[in-house]
Amino acid sequence: DQQVKQNSPSLSVQEGRISILNCDYTNSMFDYFLWYKKYPAEGPTFLISISSIKDKNEDGRFTVFLNKSAKHLSLHIVPSQPGDSAVYFCAAVDHNTDKLIFGTGTRLQVFP
Amino acid sequence: GAGVSQSPSNKVTEKGKDVELRCDPISGHTALYWYRQSLGQGLEFLIYFQGNSAPDKSGLPSDRFSAERTGGSVSTLTIQRTQQEDSAVYLCASSLAAYEQYFGPGTRLTVT
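## With respect to the state of the cysteines
All names here are of chain A.
- Within the structure shown, the criterion is met by two disulfides over all chains.
- Paired through a disulfide, Cys23 and Cys90 show a sulfur-sulfur distance of 2.0 Å. Note on the Cys23 and Cys90 pair: the S-S dihedral is about -70°, so by sign convention the disulfide is left-handed. With Cys23 in strand S3 (residues 19-25) and Cys90 in strand S9 (residues 86-94), this residue pair connects regions lying 67 residues apart in the sequence.

Written as structure tokens, this is what we have:
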């Protein structure tokens, strides 16, 4: 049973436009969420996180929004750049087990 | 500073052979995780080491998989009698907590 879901396997966006990557979760006990970015042949790298006490966290071109009532978070990248082309994983912290529960990822392609 | 390193970066093995994958975590990180990513899939948790506690092996797919962490540092993931479905990228991560895990570049295992 997938507790963290990324329903869009891929997304294509033109350079300069906004990229919106979505993530849904089922466990209401999750209270900390992270986004990781992965380039081919490299391990995932931490991008941005958000605690459930907030509904928004911004870092440069990257903003994560959290809607607790909908159990939904999204990552906004604006403006999108070709170097943003990668696979983006959403993850939730399970405090009971100290593990990260990852989504299946969304492949973002930013074209000129 | 040195990040998480993994070796080998690529491994091709024949079905039925045993393989060992190595992970060198970031110095001082008490937690170490193994994941695998099969083609088109998300990050699948395999095993988690935290300090001197007994490892959480709940993600290991079969008894052909085992892992050790010697001296609280280097970890080895062993797959015995490899099968073609074991082909995947095996990722190691270390952290001081579940938050912000730092990943290695992964080992791409191909079982022929």
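Next comes the rest of the account.
## Points about the sheet that holds strand S7 (residues 75-79) of chain B
Residues and elements named next belong to chain B.
- Spatially, the four strands line up as an open sheet ordered S1-S3-S7-S6, and their pairing is antiparallel. Every interior strand has two partners, whereas the edge strands, strand S1 (5-7) and strand S6 (65-69), have only one. Across the sheet, the mean angle from the axis of one strand to that of its neighbour is 15°, orientation sign disregarded.
- Pairing between S1 and strand S3 (residues 19-24): three bridges, direction antiparallel.

## Looking at the side chain of B:Arg69
All names here are of chain B.
- In this fold, Arg69 is placed in strand S6.
- No salt bridge is formed by the buried Arg69. Its closest oppositely charged neighbour is Asp24, at 9.6 Å.
- Separated by 3.0 Å, the side chain of Arg69 and the backbone oxygen of His29 make a polar contact.
- Among the polar contacts listed, one links the side chain of Arg69 to the backbone oxygen of Ser73, at a separation of 2.9 Å.
- Setting aside chain neighbours within four positions, we find Arg69 in contact with Pro25, His29, Thr30, Ala31, Leu32, Phe49, Val74 and Ser75.

## Thoughts on the sheet that holds strand S7 (residues 62-67) of chain A
All names here are of chain A.
- In space, the five strands of this open sheet follow the order S1-S3-S8-S7-S6, with antiparallel pairing throughout. The outermost strands of the open sheet, each flanked by one partner alone, are strand S1 (4-5) and strand S6 (56-59).
- Relative to S3, S1 runs antiparallel, the two sharing two bridges. By the bridge assignment, Val4 is partnered in S3 with Tyr25.

The rules we used
Residues numbered from 1 in each chain as written. Chains lettered and ligands numbered in written order. Predicted model: local features only at pLDDT ≥ 70, side-chain atom pairs only at ≥ 80, totals over all residues. Heavy atoms only, no water. Disulfide = S-S within 2.5 Å. Helix = DSSP H or I, 4+ residues; strand = E, 2+ residues; numbered from the N terminus. Pairing = 2+ DSSP bridges. Axes fitted to C-alpha atoms, helices over the stretch in contact; angles between N-to-C directions. Buried < 20%, exposed > 50% of the residue type's maximum accessible area, 1.4 Å probe, protein only. Lys, Arg positive; Asp, Glu negative; His and termini not counted. Salt bridge = Lys/Arg side-chain N within 4 Å of Asp/Glu carboxyl O. Polar contact = N/O pair within 3.5 Å; in protein donor to acceptor, adjacent residues only side chain to side chain. Contact = heavy atoms within 4.5 Å.

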